[in-house]
Amino acid sequence: MKLTLGTAVYDDYDGLFFTLEALRSYHDLARYQAEIVVIDNHPDGPQAPDIKHYVGSIREVPARLVPLREPVGTSAPRDLVFREAEGEIVLVMDCHVMLTRGAIPAILDFFQDHPEPAIVSGPLVSYDRQSVWTHFDPVWRAGMWGIWGSDPRGIKPDLPPFEIPAMGLGLFACRKRHWPGFNPLARGFGGEECYIHEKMRRRGGKAWCLPALRWIHRFHNQSRPTAYPNLWRDRVRNYILEFLELGLDLTPVRQHFVTDHPVLSAEDFDRLSAECRNEWDAYLDRGEATTTSTRAPWWPDTPEGTTTYPRTNGCGCGKPRVHFPSLQDWVAYERKDFGDDHFGAITDAVRGVGTVVVANATGAITAACLAGEPAKIVAINREAPDWWWPQATAVRGNTEMVYLKADPATIGVPDVDTLVIAGVCDADAAFAILERYKPRRRAVIHGTEQCGEFASDQRPGLRPAIRRFVKQHPGWLTIRHISTGAGLTVLSADPADRPQLPSAWQMVKNFARAVREHVASGAQKVSREILEQRLNICALCDKRTVDQNGNDRCSVCGCMLVGGVGGFGGKAEWADQECPLGKWPH
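Conventions we followed
- Residues numbered from 1 in each chain as written.
- Predicted model: local features only at pLDDT ≥ 70, side-chain atom pairs only at ≥ 80, totals over all residues.
- Heavy atoms only, no water.
- Pairing = 2+ DSSP bridges.
- Helix = DSSP H or I, 4+ residues; strand = E, 2+ residues; numbered from the N terminus.
- Right-handed = clockwise from strand over helix to strand, strands pointing away.
- Salt bridge = Lys/Arg side-chain N within 4 Å of Asp/Glu carboxyl O.
- Buried < 20%, exposed > 50% of the residue type's maximum accessible area, 1.4 Å probe, protein only.
- 1 Å grid on protein atoms, 1.4 Å probe; cavity = no way out; pocket = protein on both sides within 12 Å on 5 of 7 lines; lining within 4 Å.
- Points joined across faces, edges and corners; volume = space filled by probe spheres on them.
- Axes fitted to C-alpha atoms, helices over the stretch in contact; angles between N-to-C directions.
- Parallel < 35°, antiparallel > 145°, perpendicular 65-115°, else oblique.
- Left-handed = near helix turned anticlockwise from the far one by under 90°.
- Contact = heavy atoms within 4.5 Å.
- Nonpolar A, V, L, I, M, F, W, Y, C, P; charged D, E, K, R; others polar.
- pLDDT = per-residue confidence, 0-100.
- Disulfide = S-S within 2.5 Å.

S.K.: Which residues make up the pairing of strand β3 (residues 63-67), and what values go with them?
M.R.: Summarising the sheet, strand β2 (residues 34-40) and β3 pair through 5 bridges and their orientation is parallel. When the sheet's bridge partners are listed, I39 is paired in β3 with V66. For the segment spanning β2, helix α2 (residues 48-56) and β3, crossover handedness is right-handed.

Structure follows, in structure tokens:
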């Protein structure tokens, strides 16, 4: 057997069908003594029966389907292609790649002329045939070690081969006996580029671009989730393991994924790298992998945290599009639609704090948070990040940023200073999020007018959730409420945010007058129902404060709301008293 054409598939029957049909129809595989090896990395998946039937129908050349349930990823199935291959030369391609005419004889001729170890790639051709990408430059960008480059030596297919630093692994070839192998502990999607080429060089080989080995790649529509698990944590873990294997300094990996393209906090990266080091040492010591490491307690334990961005235009091969060159420009844009008062309230609430969590994050709210320059923002949303996330990371300044694609009601983040909640109308849901994240300093709830007493389906809305929270957590106050638009309420447990009481002399005068009025009216107290109504109103009032003894007081008059001096009763308990702001019902 001269040539093995190998591919891995994960629930992509259509891609596999057209890739193999193109090979069978336009490349005389029998002439090249070729075989086909397909690794199904999801043999129990919904498309597995169609894949099995199709591969089993190939007759003109040997074709085999090899199931691989575990591990799932981009490394293990490609390694298995080499182990299963019977050909001397192995050409591995994604299951959605097309070869141009002349590619196969070119690769066979190359290996005939180059007996030394080599990993060979060819130019990736754009859909419009106007551009070709010949290699990867080993530069960190947008969550990858490697960016597309175009060398003029590969523009035309009749040009000679030339050495390259690395290349994307949608298509590559190597002699079976020279294959260096991916890291045996690698799992999940991505991270192999640049690493495998450096590994080949360390074994005395070279990485080549063969201009005649031209290919077209069907890129994933990134407005939809991938069929396979595509996790940031898997990718970062793969990079760490590969750098450990090569003996490289982990600093560039940490810098990129913690600071430049933040998807992990510094603490989570250090914890993950320690786990990887233990796994790699165990593998070296015992010759076996130990894959029992767990996620950080608050990391989503589902195939979320996708590394893909929905694209607003273009092919997306470079950086995600950044619309505004500075944070000030972006803030000016978002404030117009979101509203100055809402935007400014969020910025003030997060100004200079530690960790800010944004539940159901949006671009406008994230911009408002960035304007406050907190130390860290953790944005959480069920959907993949839209265009605004690359925008945010591009203008973040010194703020550390993490995006979690998850339901904010199902995970938690430790050590939260300020919590911002958006996109919630239900009282139970809002209260559950407040309790889950336990902010130490402030909480901002958006939509407290739109979903005030009731949600749209007449369930209790956001105000009942706020009342319940401040009653169960003494010391928490409503310090700001904006009634325009959808409404916004800011809560605080920070003593510095508490409204100041009047002077002691003024409070004595106010109390004496209230006592005279109360006695003159017969010292009547309100019913339990009316007291509850009054206290519910006070719970949402930004004039309620707490004194040094923990007593609830009205900051306008200074009176205690309940209890009073010597248990004589508080302002809310006396039937003759009125709210100084006129908020209590008559």
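After that view, the rundown keeps rolling.
S.K.: Pulling in residues and values, what's your account of the pattern of salt bridges?
M.R.: Working definition: two side chains of opposite charge can pair if their charged atoms are close together. Counting across every chain of the model gives 33 salt bridges. Taking the shortest distance from any N to any O, the salt bridge between E84 and R64 comes out at 2.9 Å. Within this pair, whereas E84 is found in helix α3 (residues 76-84), its partner R64 is found in strand β3, the two being separated by 20 residues in sequence. A salt bridge links D340 to R335; the shortest N-O distance between them is 3.0 Å. Judged by its relative accessible area of 27%, R335 falls in the partly exposed class. Three or more residues joined by partner-sharing salt bridges are found here, namely R441, R442, D494 and D497.

S.K.: Kindly report on the sheet that holds β2, identifying the contributing residues and their values.
M.R.: In space, the 8 strands of this open sheet follow the order β3-β2-β1-β4-β12-β6-β13-β11, with mixed pairing throughout. Looking along the sheet, the strands with just one partner apiece sit at the ends: β3 and β11 (162-163). As defined by bridge partners, strand β1 (residues 3-9) adjoins β2 across 7 bridges and the pair is classed as parallel. Across the sheet, residue V9 finds its bridge partner in β2, namely D40.

S.K.: Any details on empty space enclosed by the protein? Residues and values, ideally.
M.R.: What the rule picks out here adds up to 3 cavities of 30 Å³ or more. There is about 120 Å³ of room inside the largest cavity. For the lining of the largest cavity, the secondary structure elements donating two or more residues are α16 (528-539) and β23 (552-554).

S.K.: Before we move on, could you go through the packing of helix α5 (residues 195-202) against helix α6 (residues 232-246) and cite the residues and values that matter?
M.R.: Interhelical geometry of α5 versus α6 gives an angle of 15° and a closest axis separation of 11 Å. In terms of orientation, α5 lies roughly parallel with respect to α6. For the pair α5 and α6, the crossing hand works out as left-handed. Taken together, the residues of α6 that come into contact with α5 (itself represented by Y195, E198, K199 and R202) are E242, E245 and L246. Of the residues belonging to the contact of α5 with α6, the class tally is 2 nonpolar, no polar and 5 charged.

S.K.: Which residues make up the environment of I377, and what are the values?
M.R.: If you trace the backbone, I377 turns up in strand β16 (residues 376-381). The exposure class of I377 is buried, given its relative accessible area of 0%. In the structure, I377 is positioned 25 residues away from V402 in sequence and 6.4 Å away in space, judged by C-alpha atoms. If we ignore the near neighbours within four places in the chain, the residues touching I377 are V356, V358, T366, C369, L370, T399, E400, M401 and V402.

S.K.: How would you explain the environment of V66 if you had to name every residue and give the values?
M.R.: Of note, V66 is situated in strand β3. When the C-alpha positions of V66 and T19 are compared, they lie 17 Å apart, and in sequence the two are 47 residues distant. If we skip the residues at most four places from it in the chain, V66 touches V37, V38, I39, D40, L80 and E84.

S.K.: Mind laying out the confidence of the model for the protein, listing which residues take part and the relevant values?
M.R.: Looking at the protein, pLDDT values average 85 and 91% of them are 70 or higher. Here residues 288-320 is modelled with pLDDT under 50, and outside its nearest four sequence neighbours on either side it reaches 83 contacts, counting other chains as well.

S.K.: An account of the state of the cysteines is requested, with residue identities and associated values reported.
M.R.: Throughout the structure, instances matching the rule amount to 1 disulfide. Each sulfur of the disulfide joining C425 and C451 lies 1.9 Å from the other. Every disulfide takes its handedness from the sign of the S-S torsion; for C425 and C451 that torsion is 45°, giving right-handed. On the criterion of sequence distance, the pair formed by C425 in the loop between β18 (418-421) and α13 (427-437) and C451 in the loop between β19 (442-446) and α14 (462-472) is long-range, its members being 26 residues apart. Judged by relative accessible area, which is 31%, C425 ranks as partly exposed. With relative accessibility at 3%, the residue C451 sits in the buried group. Not part of a disulfide, C559 finds its nearest cysteine sulfur in C557, a span of 3.5 Å.

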